[in-house]
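The lines below spell out each chain.
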Amino acid sequence: MPAREPGLLRGEDTALIRPYVLTPEERRERRLQRGRRRSLWLAAYGYDAGPRWIHGVEVAG
């Protein structure tokens, strides 16, 4: 088998997927998780900024 000449990589020729590119669903999930973590952190310091729904039950605000 002959050796391949080194050359430039073209995006059309490779099947690589950039790991930092997120689908819209992944972005949505990360945004929701970030909001939950922020609410928990604020609650630890006495601020009520939490979600209005916890496990499907509406909580008083």
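Residues numbered from 1 in each chain as written. Predicted model: local features only at pLDDT ≥ 70, side-chain atom pairs only at ≥ 80, totals over all residues. Heavy atoms only, no water.

Enumeration according to the criterion identifies one aromatic pair in this entry. A ring pair is formed by Trp41 and Tyr45, whose centres lie 4.7 Å apart and whose planes are at 45°; its orientation type is tilted. Among the residues examined, Trp41 registers a relative accessible area of 52% and is labelled exposed. On the accessibility criterion, Tyr45 (54% relative accessible area) is exposed. (Phe/Tyr/Trp six-rings, centres within 6.5 Å; stacked < 30°, edge-to-face > 60°. Buried < 20%, exposed > 50% of the residue type's maximum accessible area, 1.4 Å probe, protein only.)

Turning to the pattern of salt bridges, a few remarks are in order. Evaluated as defined, the whole model comprises two salt bridges. The partner of Glu29 in a salt bridge is Arg28, and the shortest N-O contact between them spans 3.0 Å. Exposure remark for Arg28: the relative accessible area of 37% places this residue in the partly exposed category. Each of Glu25, Arg28 and Glu29 takes part in a single network of salt bridges with overlapping partners. (Salt bridge = Lys/Arg side-chain N within 4 Å of Asp/Glu carboxyl O.)

What follows covers the confidence of the model for the chain. For the chain, mean pLDDT is 75; residues scoring 70 or higher make up 57% of the total. Here strand E1 (residues 53–54) is the element of the chain with the lowest mean pLDDT, 66, and helix H1 (residues 24–44) is the one with the highest, 88. (pLDDT = per-residue confidence, 0-100. Helix = DSSP H or I, 4+ residues; strand = E, 2+ residues; numbered from the N terminus.)

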